[in-house]
Amino acid sequence: DGGITQSPKYLFRKEGQNVTLSCEQNLNHDAMYWYRQDPGQGLRLIYYSQIVNDFQKGDIAEGYSVSREKKESFPLTVTSAQKNPTAFYLCASSMGYTYNEQFFGPGTRLTVL
Amino acid sequence: DQQVKQNSPSLSVQEGRISILNCDYTNSMFDYFLWYKKYPAEGPTFLISISSIKDKNEDGRFTVFLNKSAKHLSLHIVPSQPGDSAVYFCAASAHSGGGADGLTFGKGTHLIIQP
């Protein structure tokens, strides 16, 4: 049963702490993406990776970091430098280079206390 | 500076009628457009897409129309059903350097289907 999994569904952290959000896909997709959604807003691109060991900054990369050591995995770290980290975080993947359709995971709701 | 705009935050339509969701864009480099449906606390689900070389694409009850000169696209749902109640996002893609980068999303339109 192919798909994208994100864990955990809900995450709480104290201000000043780094936290890592997990994203795994078994669709054999080359490209993976991280978006952030705030209430009443569209999705905004944080980082994307078109291939293993390569990633690019999106529109709002400040305060975030990623790695892409394996094709299936694209974890996102929300650092203490991110000023407004409370949001709904969505991971997506696509077949890659010439494919525009992105498929999304269920999301992680991060709340900073 | 919003490159993809959905000017109607919400839309209410009677069951069985046509729902028309609109989207405007400003970036001339966009060449592929997608519509996603999203329920609260879930990831968006891909609905339908259209390439800039076409002006219409149909899939069952869903049709997307693209007017490149007006930089406008619309999603038509006929007939509307209660399960269509959700937030609909318009998204656009521009191929830079040949690769598919991230999508640019509008803020969404909340479609409410009235019984």
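Everything below is about the structure shown above.
Criteria and thresholds
- Residues numbered from 1 in each chain as written.
- Chains lettered and ligands numbered in written order.
- Predicted model: local features only at pLDDT ≥ 70, side-chain atom pairs only at ≥ 80, totals over all residues.
- Heavy atoms only, no water.
- Helix = DSSP H or I, 4+ residues; strand = E, 2+ residues; numbered from the N terminus.
- Rg over C-alpha atoms; globule rule 2.2 N^0.38 Å.
- Buried < 20%, exposed > 50% of the residue type's maximum accessible area, 1.4 Å probe, protein only.
- Core = buried A, V, L, I, M, F, W, Y, C linked by side-chain atoms within 4.5 Å.
- Disulfide = S-S within 2.5 Å.
- Contact = heavy atoms within 4.5 Å.
- Buried area = accessible area lost by both parts, 1.4 Å probe.
- Salt bridge = Lys/Arg side-chain N within 4 Å of Asp/Glu carboxyl O.
- Polar contact = N/O pair within 3.5 Å; in protein donor to acceptor, adjacent residues only side chain to side chain.
- Nonpolar A, V, L, I, M, F, W, Y, C, P; charged D, E, K, R; others polar.
- Phe/Tyr/Trp six-rings, centres within 6.5 Å; stacked < 30°, edge-to-face > 60°.
- Lys NZ or Arg CZ within 6 Å of the ring centre and 35° of its normal.

Let us now look at the overall build of chain B. Helix and strand counts for chain B stand at zero helices and 13 strands. When its helices and strands are written in sequence order, chain B yields β-β-β-β-β-β-β-β-β-β-β-β-β. Computed over C-alpha atoms, the radius of gyration of chain B comes to 14 Å, within 12% of the 13 Å expected from 2.2 N^0.38 for 115 residues, which places it in the range of a compact globule. For chain B, the spread of C-alpha atoms along the principal axes amounts to about 45 × 30 × 20 Å. The burial tally for chain B puts 45% of its 115 residues in the buried class.

Attention shifts here to the nonpolar core. Of all hydrophobic cores here, the largest spans 24 residues; its most connected members are B:Phe33, B:Trp35, B:Leu73, B:Leu75 and B:Tyr88. Listing elements by their share of this core, those giving two or more residues are strand 3 (19-25), strand 4 (32-38), strand 5 (45-51), strand 7 (62-67), strand 8 (72-77), strand 9 (86-93) and strand 13 (109-114) of chain B. Broken down by element, the residue count for this core peaks at four residues, all from strand 9 of chain B. The next biggest cluster of nonpolar side chains, apart from the first, holds 19 residues, and it includes A:Cys23, A:Val78, A:Ala87 and A:Leu110.

Moving on: the state of the cysteines. All names here are of chain B. Evaluated as defined, the whole model comprises two disulfides over all chains. Here Cys23 engages in a disulfide with Cys90; their sulfurs sit 2.0 Å apart. Torsion about the S-S bond of the Cys23 and Cys90 cystine: about -75°, corresponding to left-handed handedness. Placement of the pair is Cys23 in strand 3 and Cys90 in strand 9, with a sequence separation of 67 residues. Taking the relative accessible area as the measure of exposure, Cys23 reaches 0% and is therefore buried. Residue classification places Cys90 among the buried positions, given a relative accessible area of 1%.

Here we take up the environment of A:Ile51. Here A:Ile51 shows up in strand 5 (residues 43-51). Taking the C-alpha atoms as reference points, A:Ile51 and A:His29, 22 residues apart in sequence, are found 9.1 Å from one another.

Across the boundary between the two partners, chain A contributes 22 residues, which contact 23 residues of chain B. Of the roughly 1800 Å² buried where chain A meets chain B, counting both sides, 53% is carbon and sulfur surface. Run the count over chain A and chain B and you get zero salt bridges. Where chain A meets chain B, there are six residue pairs in polar contact (both at pLDDT 80 or more). Of all the elements in the fold, those that place two or more residues in the side of chain A that touches chain B are strand 4 (31-37), strand 5 and strand 9 (87-94) of chain A. Residue contributions to the side of chain A that touches chain B peak at four residues, all from strand 5 of chain A. Across the side of chain A that touches chain B, the residue classes break down as 11 nonpolar, nine polar and two charged.

Under the definition given, this model contains 13 aromatic pairs over all chains. Between the aromatic rings of A:Tyr35 and A:Phe104, the centroid separation amounts to 5.6 Å while the plane-to-plane angle is 45°, which identifies the pairing as tilted. Placement of A:Tyr35 in strand 4 and of A:Phe104 in strand 10 (residues 103-104) is noted, with a sequence separation of 69 residues between them. Residue class for A:Tyr35 comes out buried when judged on its relative accessible area of 0%. Overall, A:Phe104 belongs to the buried group, its relative accessible area being 12%. Between B:Tyr36 and B:Phe46, the ring centres sit 5.8 Å apart and the planes meet at 70°, which makes this aromatic pair edge-to-face. Highlighted residues: B:Tyr36 in strand 4 and B:Phe46 in strand 5, separated in sequence by 10 residues. Take B:Tyr36: its relative accessible area is 0%, and that puts it in the buried class. One aromatic cluster is present, built from ring pairs that chain together A:Tyr33, A:Tyr35, A:Tyr48, A:Phe104, B:Tyr36, B:Phe46, B:Phe89 and B:Phe105. One cation-aromatic arrangement involves A:Arg68 over A:Phe74; the distance from NZ or CZ to the ring centre is 6.0 Å.

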